[in-house]
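Each chain, letter by letter, is given below.
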Amino acid sequence: MSGESGPRRLILPLIGLMLLFAALGPAVGGALFFPLAIILKPPIGAGALALSALVAALFGHTLVLIAAYFVGIGPAAATGFLYGLWDAAAPERWPRALVAAVIGGAIAYGVLLRLAAISGSVDMTIEASSGVSATDWIDTAFSRGIEGALAHAFVACGAVAGLVCAMAASLVGLTMRPAPEPAQTPGAA
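On a predicted model such as this, the values are computed, not experimentally measured, just so you know.

(A) View of the overall build of the protein. In terms of regular secondary structure, the protein is built from five helices and zero strands. Counting helices and strands in the order they occur from the N terminus, the protein gives α-α-α-α-α. By residue count, 27% of the 189 residues in the protein fall in the buried class. A separation of at least 24 residues holds for 86% of the contacts in the protein among residues at least 6 apart in sequence. Accessible surface, the protein: about 11900 Å² in total, of which carbon and sulfur atoms supply 74%.

Following this line, the structure appears as structure tokens:
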């Protein structure tokens, strides 16, 4: 009997954490991306700010959330998996939600590096096949450090999403820690 409940006791909460992070993480990250990108970007002119507001208004949060789920569901599930392992192995008083934020930020940074490699490959393919370099218009569009702000916003969204998901898991009681055993009273036999 205990042999059946042992693996289930570890696997089912881990699956629950992964599903919670996969469902909630991309929504939180997608909703925070534009505000964080605006906060983190360097000072720019009023025209560029108006253009950013127009783009955000035209696309709205619906398209951002669709893109966030497309890009973020795998990393969010991976964050949930790693958080579940941390939750199971960490001592009782060690921080859990803060570690989830670090895990989420680290995974978002890894995804960002992978997306940069893919975009470099696409740039080389376009340049080789058409003779037009995409680097010229990308550098013009992302001049004065805006790409750094977008990268920082992307990583910050991953960290905040990890924190929010871990706190939500804590609120609903979804944990990998074993349940405390009831204390035996001396008079009860």
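The structure having been displayed, the exposition proceeds.
(B) Broad picture of the nonpolar core. Judged by nonpolar contacts, Leu-14, Leu-17, Phe-21, Tyr-83, Ala-97, Ala-100, Cys-165, Ala-166, Ala-169 and Met-176 together constitute the single largest core of ten residues. Broken down by secondary-structure element, the contributors of at least two residues to this core are helix 1 (2-40), helix 3 (97-130) and helix 5 (146-172). Each residue touching Ala-100, except ones within four places of it in the same chain, is listed here: Thr-79, Tyr-83, Gly-162, Leu-163 and Ala-166.

(C) Up close: the pattern of salt bridges. Per the stated rule, a full pass over the model turns up one salt bridge. A salt bridge links Arg-96 to Asp-87; the shortest N-O distance between them is 2.5 Å.

(D) Broad picture of a nonpolar patch on the surface. A surface patch of nonpolar side chains, about 480 Å² in accessible area, is lined by Leu-10, Ile-11, Leu-12, Ile-15 and Leu-19. Within the fold, Leu-19 resides in helix 1.

(E) How the structure looks around the side chain of Asp-87. With respect to the element layout, Asp-87 can be found in helix 2 (residues 46-89). For Asp-87, a relative accessible area of 1% gives the class buried. Of the polar contacts made by the side chain of Asp-87, one reaches the backbone nitrogen of Met-176; its length is 2.7 Å. The residues contacting Asp-87, other than those within four sequence positions of it, are Arg-96, Thr-175, Met-176 and Arg-177.

(F) Geometry of the side chain of Thr-79. With respect to the helices and strands, the residue Thr-79 is situated in helix 2. On the accessibility criterion, Thr-79 (5% relative accessible area) is buried. In this structure, Thr-79 is in contact with Phe-21, Ala-100, Ile-103, Gly-104 and Ile-107, ignoring residues within four places of it in sequence.

(G) Broad picture of the confidence of the model for the protein. With 66% of its residues at a pLDDT of 70 or more, the protein has an overall mean of 76. Element-level mean pLDDT values for the protein span from 51 in helix 4 (residues 134-141) up to 86 in helix 5. For the stretch residues 140-146, pLDDT sits under 50, and the model shows eight contacts to residues farther than four places along the chain or on other chains.

(H) Seen up close, the packing of aromatic side chains. Across all of its chains, the model carries two aromatic pairs by this definition. Relative to Trp-94, the ring of Trp-86 lies with its centre 5.9 Å away and its plane at 40°, an arrangement referred to as tilted.

(I) Here's a closer look at the environment of Glu-92. Looking at the element boundaries, Glu-92 is found in the loop between helix 2 and helix 3. The exposed category is assigned to Glu-92, whose relative accessible area is 59%. In this structure the C-alpha to C-alpha distance between Glu-92 and Arg-177, which are 85 residues apart in sequence, comes to 8.5 Å.

Rules and cut-offs
- Residues numbered from 1 in each chain as written.
- Predicted model: local features only at pLDDT ≥ 70, side-chain atom pairs only at ≥ 80, totals over all residues.
- Heavy atoms only, no water.
- Helix = DSSP H or I, 4+ residues; strand = E, 2+ residues; numbered from the N terminus.
- Buried < 20%, exposed > 50% of the residue type's maximum accessible area, 1.4 Å probe, protein only.
- Contact = heavy atoms within 4.5 Å.
- Areas by Shrake-Rupley, 256 points an atom, 1.4 Å probe, with all protein chains shown as cover.
- Core = buried A, V, L, I, M, F, W, Y, C linked by side-chain atoms within 4.5 Å.
- Salt bridge = Lys/Arg side-chain N within 4 Å of Asp/Glu carboxyl O.
- Patch = residues over 30% accessible without salt bridge, like charges linked within 9 Å, V, L, I, M, F, W, Y side chains within 5 Å.
- Polar contact = N/O pair within 3.5 Å; in protein donor to acceptor, adjacent residues only side chain to side chain.
- pLDDT = per-residue confidence, 0-100.
- Phe/Tyr/Trp six-rings, centres within 6.5 Å; stacked < 30°, edge-to-face > 60°.

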